[in-house]
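# Overview (structure and organization)
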Amino acid sequence: MASPRSAAASGYRAVGGKQGNAPRGAGTDKTHHNGSSNSIPVGRHHERGAFMTLSRDDSELGGVTDSEMGSDFLYTVQIPATPDNQMMSATPSNRSVDPAIAGKAEQQFVSSTIFTGGFKSVTRGHVMEKMMESEGTHPQLGGARGLTCAMEGCDGKAMRDERGDDLFPCDCKFRICRDCYIDALNAKQLCPGCKDEYKPPDDLLTLKHEDNRANEDLRALPPPMSDDSSKMDRRLSITNPKVGLLTSNNTTDFDHARWLYQTKGTYGYGNAVWPKDDGYGDGGGGKARDASVGKAPQFDDKSRRPLSRKVHISAGILSPYRLLVVIRMVVLGMFLAWRIRNPNTDAVWLWGMSVVCEIWFAFSWILDQLPKLCPINRMTDLTVLKEKFEMPRPENPTGRSDLPGVDVFVSTADPEKEPPLTTGNTILSILASEYPLEKLAIYLSDDGGALLTFEALAEAASFARIWVPFCRKHNIEPRNPETYFLLRGDPTKGKTRQDFVKDRRRVKREYDEFKVRVNGLPEAIRRRSDAYNAHEEIRAKRSQIETGMDPSEPLNVPKATWMADGTHWPGTWTQSGKEHGRGDHAGIIQVMLAPPTHEQLLGSADEENVIDTTDIDIRLPMLVYVSREKRPGYDHNKKAGAMNALVRTSAVMSNGPFILNLDCDHYIYNSLAIREAMCFFMDKNGDRLAYVQFPQRFEGIDPNDRYANHNTVFFDVNMRALDGLQGPVYVGTGCVFRRIALYGFDPPRVREHGGCFDFLCCCCGTKNKNKVMHTKRVNEIAGLTEQITSDEDDDLEASILPKRYGPSVIFASSIAVAEFQGRPLADKGVLNSRPVGALTVAREPLDASTVAEAINVISCFYEDKTEWGGRVGWIYGSVTEDVVTGFRMHNRGWRSIYCVTKRDAFRGTAPINLTDRLHQVLRWATGSVEIFFSRNNAFFASPRMKFLQRVAYLNVGIYPFTSVFLLVYCFLPALSLFTGQFIVQTLNLSFLVYLLTITVTLCMLAILEVRWSKITLEEWWRNEQFWVIGGTSAHIAAVFQGLLKVVAGVEISFTLTSKSAGEDENDIYADLYIIKWTSLMIPPITIGLTNVIAIAVGVSRTIYSEIPEWSKLIGGVFFSLWVLFHLYPFFKGLMGKNGKTPTIVFVWAGLLSVIISLLWLYISPNTKVSAQAGGTGFQFP
């Protein structure tokens, strides 16, 4: 996979200024020194391998003013390993260095170095001897143990190759480290071992020759270049190639089958002859080509089989479903009209409140029901994906993977609430996923900057060398070790290898040791830090005595947190210090696992290995730890800001055109999940997809799903229905994004839709204005993407890009590469495509300048005066940034896909205790209220969004307001029983028929929804119950919080939902019985007690009444029981386990009972006693 560095070198320079040739080498006047340490200027590789420095004068941003760029664009990388430490390709004397040796040594250096930096600070690279207490052995693991350098007085680690073996730059086999190798080259270019000029060993020459042959056979096509070869292409999206070998319909479709049929030609080397039986034609030269190329593929209908297809719902289910929706809408209209025409004159207040609530409920139901009219299912064909992208083809004879790269984002913020063991298992499941290793990169965002998370990730990376080969060898599912070893049943089922039981036993033992190490990290870090701090205090005390200072004066020794190599942790300390607090620390990047080699690296039966990995690929994907810089006074925008920092970091380091984001507690349950998403992106019209959303599935939920944690109605009913429109909403995790969609670009083809909303806009006179704004945005994007070569446009482009994306040149140059690599393969009917074989080239190794650039883009000031969080990346300003981000993409015309796989793609955890569940719902509902009062309201959607999609987004913003009417409606039965009145004058036949029809149609709709969504009636009922529970507690609080924020500007803060288990480790449902008091419980408790007391009062009064009104009693009791049945899970949760109900619950229950009883006695006193006393009581009108 090509990187942004290679793109910048090949002609994809991002922003154009008038730039002269940058000087070669790093030892120029651009180098800055800090103390005794050597520093390296930030730069990038030139296409000839030279290292180019970047400064304000000669960078691509030369046309940007200081105010637009920021005062800290020029920064340095300080690497204090040796006095003359510098990049291996940075000095003119290093031009004879073998590129293979230089690349491997540089990547080894990067993976063993932790980089820190940020605002107004030097970017430093600290070489770590080890990242954790235990030493890793995998060759990709940073800080892995190895032999030391043979130079006298040097204790550095010798250079190693991709297998972890010593890398000898000379045929004398002299072991040398990277720094000593550079020193030898800078001195006399003589080998310290043989005292002769460096001569590469024979095996290295042979390997290089084989690599060159492989690259020649690849014939990978680079991205298209600009016609003006005198200027580098600065486009943000690749323009279509000129019509040449294209079909006559002026598209990029090349009909391979038709061309072969008409010309009797063949692909490969040679021309216009039919291939032989076991290979391609000899090209007219009489010599057969290498048989390894394989047989010529058969270009028949199979070559154009779709990667995905729609599976429509059976008409026998969908047609009655739509008919019932229409019938219920008509009946609701008739019922409301009847209710308005027949008021209850005896209790107008009761009738009025009930009618208003019922009208709102009908409106809310319509908003929820309309988007459900077009549900669909989808299926993928992974076999076709493999045939098209990973099988030998004429354009890709070696069969190397042509799939695009994927960057996986995992976010965490607090190791206390999000256990590191859970995060580590998530990382292990991603590392073991079935996707080309060289195309996969994993980034962990630690927003808390905790050393605990850092060392836990290092432990996971070390254990991955055992776990990942074990999964590949025995085809393990799921690939989360914690879940796998807890599975019940026969583990040998479906396993064919004889050594499976032995391997499983060994890996299980290693995993148990891994868990012990991770769970013991907090104590190990504390003890280590205490020991180092005590040592520092002793040294400070000794220094105080030696300098003659007063020994009684207190010592000012900071209580630092120490890493395993005996140095200060640059992130958050356990006891916060200056520049080491939770909201005040430097940016940190550590490459835990270096990028893998392009070729397979097969294991062996070595006794040092835990299992026999013969013929098993032991490579691991790239793994990077990232903690963005945080400083006081900056708004870091919570999770959305962390995700945007990862977007920029990954663009600089790996630049995968697709991004998968996961929460730290959501792991890959289906190792083929990423391939499932690629079936949609790489299919015909896949270039119009912004993201593929997977359903959320949860583990650890109680069997009865008391609080509807599975949320199956939303994920299996609403989301499937939205997939039939413009696509599902983004729900925050388990989603694969197209990178350029996050960059704020419009889709390649858009279509404007009409509807009722457009009619309203036209009536208000705003449609023409919207058209003008739309045209302006189209022209602006076209100015950035079309071939502009004039100097005036260059200046315009140079001023626009920093304001939108920030001053990073490498990031800007990566945009074009990501757009190109994310296109589907060229084929008939495929628009906006890329050539076959374009993504089979190997990526460049990481170097220090690349990581330094990544440090720059995660600094706290980088987003200042840019469009990050506004139009670009995850959107800021809402606690539900996920929904807003998806809305913005749909509003620009992008589509999305809902991918439901046969085996769950991802699984995670959910809060099963009542308190955490209510707070989770409160956060979602508050975000919806914010959306309603913002510019992201569906009322202001563009014509590019479909009408029913707007209705769905409108419902997202409106549904919390239903809680106001629901709260009132839940008290109406109690008020009816207290006063002896009802919402209607009498329970006549018309009312009962309407009520029965509405109820029956609702039940029939539920049954049909169950049929086409494959959920159960119990799940549907649990969802209805929690809708009432949430509506009377969290939703009503969200409405008030949202109004406070909009009206008074009061900011809303939420805490992370704890993922930790309950006190009883033997009970997996221990959390279910944890009851922590919260004010959200007050409204449901009040409703429940009020209705229970009202039933008792109504029954007693009717029994002892001289003229009992049984109809009103039945009506009131029926609706009160309806409320209580819906609140049953809530009250069951309050009971706790073993009588652990909080005392405050009983206090509130008693207090409310007394208040309600006294209130009823005052409202409706005994008339005889009142008359004798001459008093009067309050009477409702």
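Numbers given to residues run from 1 along each chain, matching the order in which its sequence is written. Predicted model: local features are reported for residues with pLDDT of at least 70 only, side-chain atom pairs are reported and counted for 80 or more only, and whole-chain, interface and lining totals are derived from all residues. Note that the side-chain values use all heavy atoms of the structure and ignore hydrogens as well as water.

## A few points about the packing of helix α8 (residues 348-369) against helix α26 (residues 947-958)
What counts, and what does not: Axes, fitted as lines to C-alpha atoms, cover a helix only where it is in contact. Angles between the N-to-C directions of the axes lie from 0 to 180 degrees. Secondary structure elements follow DSSP: runs of H or I no shorter than four residues count as helices, runs of E no shorter than two count as strands, and numbering proceeds from the N terminus. What sets the label is the angle itself: under 35 degrees gives roughly parallel, over 145 gives roughly antiparallel, 65 to 115 gives roughly perpendicular, and the rest give oblique. Residues count as neighbours in contact if any of their non-hydrogen atoms are within 4.5 Å of one another. Amino acid classes used here: Ala, Val, Leu, Ile, Met, Phe, Trp, Tyr, Cys and Pro are nonpolar; Asp, Glu, Lys and Arg are charged; the rest, including Gly, are polar.
α26 packs onto α8 with a crossing angle of 135° between their chain directions and a minimal axis gap of 8 Å. Judged by the inter-axis angle, α8 sits oblique to α26. Between α8 and α26, the contacting residues are W360, F363, S364, L367 and D368 on the first element and V951, L954, N955 and I958 on the second. When the residues that make up the contact of α8 with α26 are grouped by side-chain class, the tally is six nonpolar, two polar and one charged.

## Side note on the sheet that holds strand β16 (residues 697-699)
Spelled out, the test is: Two strands form a pair only when DSSP identifies at least two bridges running between them.
The strand order across the open sheet formed by three strands is β14-β19-β16, and the pairing between neighbours is mixed. Where the open sheet ends on each side, the last strands, each with one partner, are β14 (667-668) and β16. Sheet topology note: the β14/strand β19 (residues 906-909) ladder contains two bridges and is antiparallel. Within the sheet, the bridge partner assigned to I668 lies in β19 and is F906.

## Thoughts on the UniProt feature "active site" (unreviewed entry) in the protein chain
Put simply, the test is: UniProt positions are given in the numbering used here, feature names are shortened, and annotations may be inferred rather than shown by experiment. A 1.4 Å probe rolled over the protein chains alone gives each residue an accessible area, and that area as a share of the maximum for its type sets the label: buried under 20%, exposed over 50%, partly exposed in between.
Sequence positions flagged by UniProt for "active site" (unreviewed entry) are, in local numbering, D447 and D882. Secondary-structure assignment places D447 in the loop between β10 (440-446) and α11 (451-474). With relative accessibility at 11%, the residue D447 sits in the buried group. The residues contacting D447, other than those within four sequence positions of it, are T412, A413, H585, R628, K630, K638 and A642. D882 has contacts with Y730, V731 and G732, leaving out every residue within four places of it along the chain.

## Focus: a positive patch on the surface
Note the cut-off: Nonpolar side chains (Val, Leu, Ile, Met, Phe, Trp, Tyr) within 5 Å and like charges within 9 Å form the patches, drawn only from residues with over 30% relative accessible area and no salt bridge. Shrake-Rupley sampling with a 1.4 Å probe provides the accessible areas, and residues are treated as covered by the protein chains on show and by no other component. Salt-bridge detection follows one rule: a side-chain nitrogen of Lys or Arg within 4 Å of a carboxyl oxygen of Asp or Glu. When charges are tallied, Lys and Arg are placed among the positive residues and Asp and Glu among the negative ones, while His and the ends of the chain are skipped. Think of each charge as sitting on NZ of Lys, CZ of Arg, CG of Asp or CD of Glu.
A contiguous patch of positive charge, built from K502, R505, R506 and R509, is present on the exposed surface. Turning to its location among the elements, K502 is positioned in helix α13 (residues 500-519).

## Some words on helix α25 (residues 914-932)
Note the following rule: Each residue after the first adds 1.5 Å to the expected span of a helix. Any pair of N or O atoms that falls within 3.5 Å is considered a polar contact. Within protein, one atom must be able to donate a hydrogen and the other to accept it, and sequence-neighbouring residues count only if both atoms are side-chain atoms.
Its 19 residues give α25 an end-to-end C-alpha distance of 27 Å, which sits within 8% of 27 Å, the value for a rise of 1.5 Å per residue. Judged by how many residues are buried, α25 sits mostly within the fold: 16 of 19 residues are covered. Sitting at the head of α25, N913 places a side-chain oxygen 3.3 Å from the backbone nitrogen of T915.

## Topic: a nonpolar patch on the surface
A surface patch of nonpolar side chains, amounting to about 580 Å² of accessible area, comprises V1099, I1103, Y1104, W1110 and I1114. Mapped onto the secondary structure, I1114 falls in helix α32 (residues 1110-1126). Residue I1114 is classed as exposed on the basis of its relative accessible area, which comes to 54%.

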